[in-house]
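Observations on the three-dimensional arrangement
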Amino acid sequence: PPHSHPYSQLRYMERLDRDSIRLWWQIPGDLPVDQVPGLPGLSRTRCLETIGTEFAIRARPEALHLLAECLNSLEQHLTLRLSVANDCASQRTTGTVLKADIRDNTLWIHQAPDTRLCLTLDAVETIWVVRKPAYQGDTLGIECHGVHGNLLLAIDDHGQQSWPWGEWASLLRTLQPR
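Residues numbered from 1 in each chain as written. Predicted model: local features only at pLDDT ≥ 70, side-chain atom pairs only at ≥ 80, totals over all residues. Heavy atoms only, no water.

So, about the overall build of the chain. Of the regular secondary structure elements, the chain holds 4 helices and 8 strands. Going from N to C terminus, the chain has its helices and strands arranged as α-α-β-α-β-β-β-β-β-β-β-α. Across the 178 residues of the chain, 45% fall into the buried class. Of the roughly 9,900 Å² of accessible surface on the chain, a fraction of 52% belongs to carbon and sulfur atoms. (Helix = DSSP H or I, 4+ residues; strand = E, 2+ residues; numbered from the N terminus. Buried < 20%, exposed > 50% of the residue type's maximum accessible area, 1.4 Å probe, protein only. Areas by Shrake-Rupley, 256 points an atom, 1.4 Å probe, with all protein chains shown as cover.)

As structure tokens, this is what we get:
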């Protein structure tokens, strides 16, 4: 599929469109997508490829396994925001991650008080470590995208003060390619 080629750019995308997308990414908060030239109809994977490695880096193939292992090994549980999406809806929840594991080729994350997330690993085409400017500091996260470049899962610190040396930032550094 076209989204499996790292850092490839759309040939028809004009420089103005690429620059607009990069500027849009750097603005804290969310602007309406239809107001940014080049962004409507662009998959999330293509968006991350366009903004560049200052804000998004493809993670190692084993990133989700490392993520589960690291989350479980922390002495203090992290408070993270989990976002899941499909073609019809998206859901977000913020809370303490109690446990994460992979069994039967599925990532399971248990979040306090009673939230469970599951993601079938076969559905994941690309994994990204991302940084997005926010009003209270940079939001650091990991994103999983499907074969068509759509966002399946995002896990982030919701702009908490973990940048640059907190546990979440350190964990994300281990997921980056060597």
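Resuming the write-up.
Right, let's talk about helix α4 (residues 167-175) for a bit. Owing to its 3.6 residues per turn, the α-helix brings residues three or four apart onto one side. For α4, the set of buried residues is W168, A169, L171, L172 and L175. Viewed along the axis of α4, the buried residues span an arc of 160°, placing them on a single side of the element. Looking at the buried residues of α4, the elements they touch are α3 (63-73), β2 (79-85), β6 (126-134), β7 (137-145) and β8 (151-156). (Arc of directions from axis to C-beta. Contact = heavy atoms within 4.5 Å.)

Relative to the elements of secondary structure, H145 occurs in strand β7. In this view, H145 contacts R44, T45, L48, A123, V124, E125, T126, W128, N150, L151 and L152; residues no more than four positions away in its chain are not counted.

Okay, the side chain of S83 next. Its place among the elements puts S83 in strand β2. The class for S83 is buried, based on a relative accessible area of 8%. Separated by 3.2 Å, the side chains of S83 and R92 make a polar contact. (Polar contact = N/O pair within 3.5 Å; in protein donor to acceptor, adjacent residues only side chain to side chain.)

It is worth spelling out the pattern of salt bridges at this point. Taken as a whole and judged by the stated rule, the model has 8 salt bridges. Among the salt bridges present, the one from E143 reaches R44, with a minimum N-O distance of 2.6 Å. You can see E143 sitting in strand β7 and its partner R44 sitting in helix α2 (residues 44-51), a full 99 residues away along the chain. Salt bridges here are not isolated pairs; linked through shared partners, they connect E54, R131 and D138. (Salt bridge = Lys/Arg side-chain N within 4 Å of Asp/Glu carboxyl O.)

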